[in-house]
Protein chains: 2
Amino acid sequence: MAESVYTDYPPSLNPAQKDFLVRTVKDWATQNGLMVRPAPTFVSKESDPRGVLATNAPVTLFPSPFPRTCFEEAKALQTLYNKLYAAITCNEEWIGKIMEDLIDVDDFISNLWKVHLAVKEEGYAQTLSLGLFRSDYMAHAPSTSTIPELKQVEFNTISSSFGGLSSLVASLHSELLDSPPGSPIAYPSHPLLKPKAIPENTAVETLSAGLATAHTAYGQSKSQPQLPTCILFVVQENERNIFDQLALSRQLTKVHKIPVFRLLSSEILDHTYIPSSNPSRPLIYRPPYAEEIHFEVTTVYLRSFYTPTDYNSNRDWEARTHLERSAAIKCPTVLNQLSGSKIVQQVLATQTGQDHLATFLADTDPALISRLRATF
Amino acid sequence: MAESVYTDYPPSLNPAQKDFLVRTVKDWATQNGLMVRPAPTFVSKESDPRGVLATNAPVTLFPSPFPRTCFEEAKALQTLYNKLYAAITCNEEWIGKIMEDLIDVDDFISNLWKVHLAVKEEGYAQTLSLGLFRSDYMAHAPSTSTIPELKQVEFNTISSSFGGLSSLVASLHSELLDSPPGSPIAYPSHPLLKPKAIPENTAVETLSAGLATAHTAYGQSKSQPQLPTCILFVVQENERNIFDQLALSRQLTKVHKIPVFRLLSSEILDHTYIPSSNPSRPLIYRPPYAEEIHFEVTTVYLRSFYTPTDYNSNRDWEARTHLERSAAIKCPTVLNQLSGSKIVQQVLATQTGQDHLATFLADTDPALISRLRATF
């Protein structure tokens, strides 16, 4: 029974329907910035030396059905997940014990842990940190039941992407479901394809609000004289998914009126500094195109430095340490990044020994903790 | 004196400034749909067989200065220009006399005139027509004066383009002038480069409002039983400037809630018909991807059929006649299109013989007519 909705979904398309849908999706994506820079295997550097081409982000023609009960459960549990990972991030001793086992076998984890230890030795200049998390799920259909279960795939604590583009995908499918207004015919008739079937997606607004909250929490410039403040997006070279990121910076600029700059992780040491004379350790950004004006960075948003290939030399580790020891609020800190590693997810899911969930979420209704545990 | 502002404008850019501006403009254009499909000379059909690539529309890095007095004068005269060309459109006899001289030497004009004569013989089914005009100017700096004068280059009565993209260009330059908020540094310092220096551009809102007004003026469906109504954009094959057009259809759909369809001019006869049994001659559109639902076209917006190369065979002229004889409101009618031909501009500008301006604008303050004449 529960599977019947999938067996005839999505509905089949005749050539005219397919042609219309594909064309409409391509045009809509381009008109609305649901875009990526094309892969080098598709458009070579030689054929587009100035990098002026873009293409639609890959999307499904139809919205993907997902059991509403699972969706509501994921939403209901998100705040608790946020609390859990915030609590883990604040427990350096607990994280340290887990990392100890990995330090000899995993260079990446080991180096991250060393960054933390080095900054800890000097003393952190910033007690606040910002987490923008993305919890990924699948709906599990047990063979013994017709009721689908929510199962977590992974929990991301750094560079959680696609908030910007997925909001646009939701808009695209919503518009198609209601197109044209009054007489929707863009999709063929199907019980699942009704106007207003797509849940609201506020990822751009809420993720940007998180960054804006950190910006405000930083408070006034710690420099003398005071400098204008900003948020710094630290990004990878040749980022293809830039428009996902720009959706957040546009919101921060337009709605929150906060200056946002983008800086390659490889150029951090060239264009930022921490004045040695200032014990508050503010992170100062000098835009290379207007070096006479200095900005104080309230919040560093990492869209790089999340994978081993983002560290090509000791200089990159030096840059990461430089950010970590600064007064800027990091999204995320090294400890917050480590809390999202697979090994932590594994320890939390282990049923033997100490009940970590109960410890980290001591003030929480045990029934709610059970629901969270059921997603493991 | 008046020229000094141009001699150091735009300000020169060092490599870091140029790199930042070019990159920012390219990314902004892609994020906001300030796009065109790439030219076949840039991206061949073979290297992008599915047509998924797009590139930024060509734009200037800096806003182009234009004398404010000339700009204000052009705005002040636009309504009078609209009235003038509406009056010409309504004077078939006057247009006919001008066209007589061209019929033997200009096949295109001759064929358009024949479409009008054929429909006139049968009798027009629609008395209303819609004009969306674009009046192009340059600022003329006479050698004898320091005061620049407004001079019209041409007046467009069909397929007046770039309302959609030029609004975005205004937004782009406005944002750059104020970027980042509070400490603008995207542009180098220059007296002309100040926040809020760009006049508001409401082309998308006003052009769409024109189409929506025509849609409403058409009134109820003339079919039995009544059909849902729509606006039809008649477009060229391989249109590169599609995002300019989609800016208008998005506004019509989102704000005015009017169904909008796009149809190639070469496919008009395949997907529209006029029921021979209905003396009101409604134009019926059958979307090829949902042929069971028929829409009645209130307004035909021509973004094709404006140039001889849009007519490849008698079938295209047949399609144009088919639209013209229907009850749909045309933007523009054949007569309205002809009123925008160069020869009409030339006759209006001729100072000898009858004063056409005074005749067409009989109820207008002569001083205002003089100002309009001064732009010739």
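Residues numbered from 1 in each chain as written. Chains lettered and ligands numbered in written order. Predicted model: local features only at pLDDT ≥ 70, side-chain atom pairs only at ≥ 80, totals over all residues. Heavy atoms only, no water.

Novice: Could you clarify how one ought to interpret the side chain of Asn156(A) in this entry?
Specialist: All names here are of chain A. By the element assignment, Asn 156 lies in strand E4 (residues 149-156). The class of Asn 156 is buried, set by a relative accessible area of 15%. At 3.3 Å, the side chain of Asn 156 forms a polar contact with the side chain of Asp 136. Apart from residues no more than four positions distant in its own chain, Asn 156 is found in contact with Leu 132, Phe 133, Arg 134 and Asp 136. (Helix = DSSP H or I, 4+ residues; strand = E, 2+ residues; numbered from the N terminus. Buried < 20%, exposed > 50% of the residue type's maximum accessible area, 1.4 Å probe, protein only. Polar contact = N/O pair within 3.5 Å; in protein donor to acceptor, adjacent residues only side chain to side chain. Contact = heavy atoms within 4.5 Å.)

Novice: Where do I start with helix H12 (residues 342-349) of chain A in this structure?
Specialist: Residues spaced three or four apart along an α-helix face the same direction, because each turn holds 3.6 residues. Residue and element names in this part refer to chain A. All of the buried residues in H12 are Val 344, Gln 345, Val 347 and Leu 348. Relative to the axis of H12, the buried residues are bounded by an arc of 160° and lie together on one face. Among the structural elements, helix H3 (68-89), helix H4 (92-100), E4, helix H11 (334-339) and helix H13 (356-360) are those in contact with the buried residues of H12. (Arc of directions from axis to C-beta.)

Novice: I would appreciate a short explanation of the pattern of salt bridges in the present structure.
Specialist: Close approach of charged atoms allows side chains of opposite charge to pair. All names here are of chain A. If you walk through the whole model with that rule in mind, you get 30 salt bridges over all chains. We note a salt bridge from Glu 72 to Arg 68, for which the minimum N-O separation is 3.9 Å. Placement of both Glu 72 and Arg 68 in helix H3 is noted, with a separation of four residues, approximately one turn of the helix. Residue classification places Glu 72 among the partly exposed positions, given a relative accessible area of 38%. Arg 371 is the salt-bridge partner of Glu 73, the closest N and O atoms lying 2.9 Å from each other. One end of the pair, Glu 73, is in helix H3; the other, Arg 371, is in helix H14 (residues 366-373), with 298 residues separating them in the sequence. Bridged by salt links that share partners, the residues Glu 122, Arg 281 and Arg 325 form one connected network. (Salt bridge = Lys/Arg side-chain N within 4 Å of Asp/Glu carboxyl O.)

Novice: Is there a simple way to think about the relation of the copies chain B and chain A in this case?
Specialist: Think of it as a corkscrew move, a rotation about one axis and a shift along it, taking one chain copy to the other. Once chain B is rotated about the relating axis by 180° and shifted along it by 0.0 Å, it coincides with chain A to within an RMSD of 0.0 Å. The transformation relating the two chain copies, once decomposed into turn and shift, fits a two-fold axis. Most of the interface of chain B is mirrored in chain A, where 100% of its interface residues are also at the interface. (Least-squares fit on C-alpha atoms with pLDDT ≥ 70 in both.)

Novice: Honestly, the packing of aromatic side chains in this entry has me stumped. Any pointers?
Specialist: We describe a pair of aromatic rings using the distance from one ring centre to the other and the angle between the two ring planes. Throughout the structure, instances matching the rule amount to 32 aromatic pairs over all chains. Both rings, one in Phe20(A) and one in Tyr289(B), keep their centres 3.6 Å apart while their planes meet at 10°; by these two values the pair is stacked. Linking Phe20(A) in helix H2 (residues 15-32) with Tyr289(B) in the loop between strand E8 (283-285) and strand E9 (295-303), this pair reaches from one chain into another. By the burial criterion, Phe20(A) is buried, and Tyr289(B) matches it. Residues Phe233(A) and Tyr301(A) carry aromatic rings whose centres are separated by 4.9 Å and whose planes lie at 75° to one another, so their mutual orientation is edge-to-face. With a gap of 68 residues between them, Phe233(A) in strand E5 (residues 229-235) and Tyr301(A) in strand E9 (residues 295-303) connect regions that are remote in the sequence. Each member of the pair, Phe233(A) as well as Tyr301(A), carries the same accessibility label: buried. One aromatic cluster is present, built from ring pairs that chain together Tyr81(A), Tyr85(A), Phe133(A) and Phe155(A). Of note, Lys222(B) hangs over the ring of Tyr218(B), and the distance from its end group to the ring centre comes to 4.4 Å. (Phe/Tyr/Trp six-rings, centres within 6.5 Å; stacked < 30°, edge-to-face > 60°. Lys NZ or Arg CZ within 6 Å of the ring centre and 35° of its normal.)

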